[in-house]
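What follows is each chain in one-letter form.
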Amino acid sequence: MRTPTPSIPARDYVALTNAELVHRIAGGDQRALGALYDRQVTLVHSLALRLLGDADDAEDVVEETFWQVWRHAARYDASRGSVSTWMCSIARSRALDALRAASRRPERIATSIERADDSALASPSSSPLGGVEENEQRALVRGAVAELPPEQRESIELAYFGGLSQSEIAERTGQPLGTIKTRIRLAMMKLRARLSSLREGAT
Amino acid sequence: MTHPEAQELLAALSLDATSSEERAAILAHVAECDACARELGELRDAAHAMAQLAPAVPMDPARQARVRAHLLARAAERAESAVAPAPKPAKPVAIPMPPHRLTRFSTARLVAAAAIVLIGVALAVYAVSAGQRANAMQRDTQRLLVAQRGLEREIAARDSALADRQALLDAMTGAAVQVIEAGAPSARQPSGKMFWDQMSGQWTFVAHNLPRAAPNRTYQLWLITRAQRKISAGVFATSASGDALVIAHYPLAKDSLAAIAVIDEPSGGSPEPTTTPVLVGASR
């Protein structure tokens, strides 16, 4: 059962970190949910749209993601990742579920990967997410991924945006499973190291 | 699964790219191993940072507002059913807004709830001591139960009245409420004020000093859009003192309202305005 959390002045929500907002949401603070929504909706929407390619489907995923945040805020554990990670993880899994349910996966994966090649890495400055900080984050992530050898990048993108397992990636790329496992491990180790600065400031 | 085996697969797990058997085995190990749990957390942050590779596409503003409103409405609904009355009304923190809805009116409810508990205790105590006075006890118990039921009904009625008042307050004081004033230059100076909650689509109209409508006539409230569409927000009669309160629900895009008008119409209202407005107010 929630313990009611009193509201605070609207401007004060701006100063709260994501984790503090989630804490307030766990206490039943609806304004905190609104504040987190305003702050994270573009990220969640962009991810959902990238995975699903359809604005209506993406809208459903956005609402469902924030609804899960409202319902399960008390379960959020900062030691298991940032709030963004938690929300992206919910959104991604909802979106992949929707793709599987619609059995549209094969076609979507192809477009998904093409889009990654032509838009994501090629235009680091396209449509800002909001603040300078977000832009810096995006640039950092894009830079880190761009530095990976292409075959490693392909493996983790097929996993993240295509929802493919290691065996499915092996099958799809015609590479031995062991090779794919190594690529994924190396790529993720490098990404983790390059993004450790993000983690320190993560909330 | 051994620690080295789990380590090999943490990266794949962070991308949900393992088989389900592997996943279960790694998670079982992670639950016991702090080092792996920490590493998995970091890898998950790295994996989901990839969301930033998706081209940033802001949601269409109308969709974004719709989802926000729907989400908050769902949250409010759920909060009401899930939250017990607070032990004390939480003090709002210096904002000129209604305090948090969940904490409102808890004093009244608490007093009423306490009364019910006391009656319950009285019943229990009475039952123990009344062994020899069975008849008297039965009568009195009956009376107390009736009193308790009456009190419960009163609480329910009060709760419902308070909920209505809360909804009215919300609709008039919300952040997304636009106020449209409507006046007329006649002697009695009828006046009106529309509180349009653009978030919930609730329209709350308050009017004063309206002359009584003629027999077989009524007042009808109109929303007039910039595209000159006329939407009826209902018909209404005034009180003896010329006051009226009209509440309507109609979703309208934020910038599409041009004006509101109160028009004297035949009883039952008209599909289209037929006479000159008694009150008109232009939207800002």
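Procedures and definitions
- Residues numbered from 1 in each chain as written.
- Chains lettered and ligands numbered in written order.
- Predicted model: local features only at pLDDT ≥ 70, side-chain atom pairs only at ≥ 80, totals over all residues.
- Heavy atoms only, no water.
- Helix = DSSP H or I, 4+ residues; strand = E, 2+ residues; numbered from the N terminus.
- Buried < 20%, exposed > 50% of the residue type's maximum accessible area, 1.4 Å probe, protein only.
- Pairing = 2+ DSSP bridges.
- Axes fitted to C-alpha atoms, helices over the stretch in contact; angles between N-to-C directions.
- Parallel < 35°, antiparallel > 145°, perpendicular 65-115°, else oblique.
- Left-handed = near helix turned anticlockwise from the far one by under 90°.
- Contact = heavy atoms within 4.5 Å.
- Nonpolar A, V, L, I, M, F, W, Y, C, P; charged D, E, K, R; others polar.
- Salt bridge = Lys/Arg side-chain N within 4 Å of Asp/Glu carboxyl O.
- Disulfide = S-S within 2.5 Å.
- Core = buried A, V, L, I, M, F, W, Y, C linked by side-chain atoms within 4.5 Å.

Draft legend 1. Representation of unusual backbone geometry in the model. Residue and element names in this part refer to chain B. Of note, Asn209 is a non-glycine position whose phi angle comes to about 60 degrees, a positive value. Mapped onto the elements, Asn209 comes out in the loop between strand S3 (202–208) and strand S4 (217–225). Of note in the backbone geometry, Gln228 takes a positive phi value of approximately 65 degrees without being a glycine. Relative to the assigned elements, Gln228 resides in the loop between S4 and strand S5 (230–236).

Draft legend 2. Looking closely at the pairing of strand S7 (residues 257–266) of chain B. Residue and element names in this part refer to chain B. Burial analysis of S7 places 8 of its 10 residues in the buried class, the great majority of the element. Pairing geometry for S4 and S7, over 9 bridges, is antiparallel. For Ile224, the partnering residue across the bridge sits in S7 and is Ala259. Bridge count for S7 against strand S8 (residues 277–282) is 5 bridges, and the pairing is antiparallel. Paired with Ala259 across the strands is Ala282, a residue of S8.

Draft legend 3. Quick peek at the packing of helix H4 (residues 55–72) of chain A against helix H5 (residues 83–102) of chain A. All names here are of chain A. At a minimum axis separation of 9 Å, H4 and H5 run at an interaxial angle of 130 degrees. Relative to H5, the element H4 lies oblique. Considering only the axes of H4 and H5, their crossing is right-handed. Touching Val61, Glu64, Thr65, Phe66, Gln68, Val69 and His72 of H4 are Trp86, Met87, Ile90, Ala91, Arg94 and Ala95, all from H5. A per-class count over the contact of H4 with H5 returns 8 nonpolar, 3 polar and 2 charged.

Draft legend 4. Spotlight on the pattern of salt bridges. All names here are of chain A. Summed over all chains, the structure comprises 16 salt bridges over all chains. The partner of Asp97 in a salt bridge is Arg100, and the shortest N-O contact between them spans 3.8 Å. Note that Asp97 and Arg100 are positioned in helix H5 at a spacing of 3 residues, about one turn of the helix. Given a relative accessible area of 43%, Asp97 falls into the partly exposed group.

Draft legend 5. Quick peek at the packing of H5(A) against helix H3 (residues 34–49) of chain B. In contact at an axis separation of 9 Å, H5(A) and H3(B) are set at 60 degrees when each is read in the N-to-C sense. Overall, the two elements H5(A) and H3(B) adopt an arrangement that is oblique. H3(B) is crossed by H5(A), and the crossing has left-handed handedness. The residues of H3(B) that touch H5(A), namely those facing A:Thr85, A:Cys88, A:Ser89 and A:Arg92, are B:Arg44, B:Asp45 and B:His48.

Draft legend 6. Examining the state of the cysteines more closely. Scanning all chains against the criterion turns up 0 disulfides over all chains. Sulfur of B:Cys36: no disulfide; nearest cysteine sulfur belongs to B:Cys33 and is 3.6 Å away.

Draft legend 7. Seen up close, the nonpolar core. Of all hydrophobic cores here, the largest spans 80 residues; its most connected members are A:Ile156, A:Ile184, A:Met188, A:Leu191 and B:Leu15. In terms of residue count, the dominant contributor to this core is helix H3 (residues 30–52) of chain A (13 residues). Apart from the residues lying within four places of it in its own chain, the contact partners of B:Leu15 are A:Arg92, A:Ile156, A:Ala159, A:Tyr160, A:Ile184, A:Met188, B:Ala47 and B:Met50. Formed by 22 residues, the second largest nonpolar core is a distinct cluster that contains B:Ala182, B:Met194, B:Val246 and B:Leu257.

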